[in-house]
2 protein chains.
Amino acid sequence: MSSARVLDSLFFPKSVAVVGASANPAGWGGTSFLQRLIKRGFSGKLYPVNPKSTEVEGLKCYPNVQSIPEIPDHVIISTPAIAVPQILRDCVTANVKNVHIFSSGFSETGEEDGKKLDEEITAIIKNSDLRVVGPNCMGIWVSASKLCAWGAEPKGLGSVAFLSQSGGHGEYISELGQSLGVYFSKIISFGNAKGLQAYDFLEYLETDPDTKIIACYFEGMRDGNRVTQLIRRINRTKPVLVWKGGLTASGAQAVSSHTGSLAGEERIWKAFYAQTGAVPVGSLDEVIDTAMAFLYLRPAAGKRTLLMGGGGGNSVALADICGREGLEVPWITDATRQEMNKFIRLAGNSTRNPLDIWSVQDNPDDFKKAFDLGLADPNIDVAVMEKQIMWDSDEPEHIERHKKADGVHIEYCKNNTSGKPIVVAATSMANMEGPSAYRAQLLTRFVTSGIPAYSSTVSAARALSRFVAYHEFQSKNN
Amino acid sequence: MSSARVLDSLFFPKSVAVVGASANPAGWGGTSFLQRLIKRGFSGKLYPVNPKSTEVEGLKCYPNVQSIPEIPDHVIISTPAIAVPQILRDCVTANVKNVHIFSSGFSETGEEDGKKLDEEITAIIKNSDLRVVGPNCMGIWVSASKLCAWGAEPKGLGSVAFLSQSGGHGEYISELGQSLGVYFSKIISFGNAKGLQAYDFLEYLETDPDTKIIACYFEGMRDGNRVTQLIRRINRTKPVLVWKGGLTASGAQAVSSHTGSLAGEERIWKAFYAQTGAVPVGSLDEVIDTAMAFLYLRPAAGKRTLLMGGGGGNSVALADICGREGLEVPWITDATRQEMNKFIRLAGNSTRNPLDIWSVQDNPDDFKKAFDLGLADPNIDVAVMEKQIMWDSDEPEHIERHKKADGVHIEYCKNNTSGKPIVVAATSMANMEGPSAYRAQLLTRFVTSGIPAYSSTVSAARALSRFVAYHEFQSKNN
């Protein structure tokens, strides 16, 4: 077993102890962890630990970790911060290796009491073999082992790992990603990082056969050089998406209240991205948007983008969006244009690029012919298809018509043999319940067909641009 | 009547002739204009004009403009481009003043034929008293007169005017705006601008009693100095929002295919914004988002923002968004914080700013108390409240619970007596039909209560920041 694989027992434990579970829970805490593991069907043994209870959720409860009849593979600590040092010492005594400290109230509070407790647990961890996740974090969520530290139900086995200093981000992304067909191998919330560090998890994920794409949310970073070299290396074979929280002055101040990390300066992080080729992302949505491109698209030859939208002003808007996001929107060649002009009339349409060809929008054959021609053009590497969700998408007769037209476009993208990636932007024209629901459904239809689909053209262009830039970096630097 | 008010007959005509309406319409065109005017209840007289029909939509059809028994106040030309010069000459003969040329196929095609026709109509217009809107545009849409060049139904009389070189933008924004409670006085699509120019419309809107906020979409600009001085002047009393299409190289190329305008360089437009104090916007959504702030908010003293969200990582994200959008997120004072800490526990919460106070989120009294304290803090000028739409918002029992909690927040914002503006961001955590529909409904509930509400924190922060910057500019420069 390589040193990194030693963490397998953290992610796939055969037994889990939950310290702080209680027969009379006062609010959210250890009992919730226990309940979720039961609800999600975690198949290993579960041991509630609490000196004040004898049974929790129908399971025998132990007064402390040492009294459990086996050494649990994974211990979750969910107690007030003040109790954590002694529980850690108990874990050392019981020869426990993997510990997740959910408890908060350490250095992140900025108060003296919290800082002292922080020093105390840091010393215990340092002088032991404990592999500690946290404190002040949600812990581990693994689709395959059903080790679910939070409520989200694993709905599929996926190849995306998310490594996050924030537990909220982990929880939200598990729901967001799965709702868009992006499934996870592991999600790791590691909070204040007083034990296991980002590089420990990254080394594990580097050789993890279940993980093909790694996304990270960092607030601070210890051993920056080590992490930078590591990400540079991993990124060659597994794209690494990195979201740095706290890049603005306001954000940096918020970081200090959250995980107590020291947020680095913007220029340091610019250098990090330039050296590693890691894919920069800036929100949970962007993590999922970008992961979708990496999951579904074959590498593109360049960033010259065919835009298929509709409307003259809208074509300008689409081109500006692509320009701002780092893509190029060149005119297609005269030869291609002349072919298109044989069946698309000039007035009110434009066949240069963006393609503004509403006169054939409802004609599946002409639509296909035009898009085929555009994709085959030598000036084109990739394509963005904008689908405008109309405000009549809550009237039954229109819904059926739109669904049919959308079906044609989905089939077209699925059967795309041009070798040039297509992404879809489903943009909304109005704030209405019907069309909003329709869009959610349409995005699902696209992504479950393996076509990256986004709720705005900005998102689509941004994800595509980052995907193209990743491959450009790799081909230049490796 | 001031010279600008002469355009009243364009916007409030007593009679409209539609040249190109037909008893046997071949697709979309003049007949559609006629049908829409009838459908929307335009109360003036309607005259179809077509030498090949005797009756259209039950109305007597005239062979040409001269044969109409009165001088129509407004003539819509919807014929092939080749026929337009003669029709314009007919209008001159008939002493018509206001003409909207819907027809396209002029210089914007880039073809020789189109350019020649362009020169021909430009000469006719120049040597006449014709006031021409277009060509290659959708024309005029007026809530009060029901002069609706496109299908959108006017649902309310509003004070926002939208002046656009793109007809598609005009059409979309009428639907988008109204779906968010933003109503219009007038929407003007003026396309290739061979007759009436941006400044003509701006001068009219400057003294238009129905218009309080003016938004513009420009692709190019003739008489830049005149427009710049005009906008600087108007902007003092009526906020002017300006979206410039074609600022990127890709966008500029798309502009040339659309209205044939020469897109200016970015630095020229930077100077324009710096000189005029016009509010920069970059999409239809941003026009509506920003208009909403101007419609509902009282001027703020500054940009120091209280953030009310939830979640540690999310608080960092919110602060970074505000920082990037030009707002500041200072910590609140120790005095305020000590007051909050009396009823908000330290562990897992943060009472600095952003307020991450999930422990009182479901307690209306404590929520109100915390927000009151935050708003009253001397470090705070404005507030952004983030409402996360949960993924359980499609389960009936949860919907009711969320609706109730949301109701508390709506009431709170409505009764905000702090004098400090609050805007709301309703952010989605998943791509699901139920929650998507729920969000659309929630945004409607907020905006119909007079509270600016946005579908992302980026949109909320951006609109708020521009609103604050507008007032800062005005107080410095006037």
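This text follows the structure it describes.
Residues numbered from 1 in each chain as written. Chains lettered and ligands numbered in written order. Predicted model: local features only at pLDDT ≥ 70, side-chain atom pairs only at ≥ 80, totals over all residues.

**Quick look at the overall build of chain A**
This is how it is decided: Helix numbering and strand numbering both begin at the N terminus, where a helix is a DSSP run of H or I of at least 4 residues and a strand a DSSP run of E of at least 2. With the radius of gyration taken over C-alpha atoms, the globule rule is written as 2.2 Å times the number of residues to the power 0.38. Residues with at least 20 other C-beta atoms within 10 Å of their own are called buried, those with 12 or fewer are called exposed, and the rest are partly exposed. The C-beta atoms themselves are positioned from the backbone. Each residue gets a C-beta atom placed from its backbone, and two residues are in contact if those atoms lie within 7 Å.
Scanning chain A for helices and strands turns up 16 helices and 18 strands. Computed over the C-alpha atoms, the radius of gyration of chain A is 26 Å, within 12% of the 23 Å expected from 2.2 N^0.38 for a compact globule of 478 residues. When the backbone C-alpha atoms are referred to their principal axes, chain A occupies close to 80 × 50 × 40 Å. Expressed as a percentage of its 478 residues, the buried residues of chain A come to 59%. Within chain A, counting contacts between residues at least 6 apart in sequence, those at least 24 apart form 73% of the total.

**Considerations on the relation of the copies chain A and chain B**
Selection criterion: Each copy is superposed on the other by least squares, with the fit set by C-alpha atoms of residues at a pLDDT of at least 70 in both.
Aligned on chain B, chain A shows an RMSD of 0.0 Å; the corresponding rotation is 180 degrees and the shift along the axis is 0.0 Å. In short, the pair behaves as if placed about a two-fold rotation axis.

**Here we look at the packing of helix 5 (residues 167-179) of chain B against helix 10 (residues 284-296) of chain B**
All names here are of chain B. As a reminder of what qualifies: Axis angles are defined between N-to-C directions and span 0 to 180 degrees, where every axis is a line fitted to C-alpha atoms and, for a helix, only to the segment in contact. Angles below 35 degrees are treated as roughly parallel, those above 145 as roughly antiparallel, those between 65 and 115 as roughly perpendicular, and all remaining angles as oblique. Handedness of a helix crossing follows the sense of rotation of the near helix relative to the far helix, less than a right angle counterclockwise being left-handed and clockwise being right-handed. Under the scheme applied here, ten amino acids are nonpolar (Ala, Val, Leu, Ile, Met, Phe, Trp, Tyr, Cys and Pro), four are charged (Asp, Glu, Lys and Arg), and all others, including Gly, are polar.
Relative orientation of the contacting elements helix 5 and helix 10 amounts to 45 degrees, with a least axis distance of 10 Å. In terms of axis orientation, helix 5 runs oblique to helix 10. The hand of the helix 5/helix 10 crossing is right-handed. Here His 169, Tyr 172, Ile 173, Leu 176 and Gly 177 of helix 5 come into contact with helix 10, specifically with Leu 284, Val 287 and Ile 288. Considered class by class, the residues forming the contact of helix 5 with helix 10 number 6 nonpolar, 2 polar and no charged.

**Here's the deal with unusual backbone geometry**
Residues and elements named next belong to chain A. Residue Asn 353 is joined to Pro 354 through a cis peptide bond whose omega torsion reads 0 degrees. Within the secondary structure, Pro 354 sits in the loop between helix 12 (334-341) and helix 13 (364-376). Here Asn 95, not a glycine, exhibits a phi torsion of approximately 65 degrees, which is positive. We note that Asn 136 has phi near 60 degrees; this positive angle belongs to a residue other than glycine. Relative to the helices and strands, Asn 136 is located in the loop between strand 7 (131-133) and strand 8 (139-142).

**Digging into the sheet that holds strand 6 (residues 98-101) of chain A**
All names here are of chain A. The criterion, for reference: Here a strand pair is declared whenever DSSP counts at least two bridges between the two strands.
Spatial ordering of the open sheet is given by 2-1-5-6-7, a layout of 5 strands whose pairing is parallel. Strands at the two margins of the open sheet, each flanked by one partner only, are strand 2 (45-49) and strand 7. Direction aside, neighbouring strands of the sheet carry axes that sit 20 degrees apart on average. Relative to strand 5 (residues 74-77), strand 1 (residues 15-19) runs parallel, the two being bridged by 4 bridges. Bridge pairing links Val 19 to Ile 77 in strand 5. In this fold helix 2 (residues 30-39) packs onto strand 1, strand 2 and strand 5, with an angle of close to 155 degrees to the strand it touches most, strand 1.

Interpretation note: all reported values are geometric properties and have no functional meaning in isolation.
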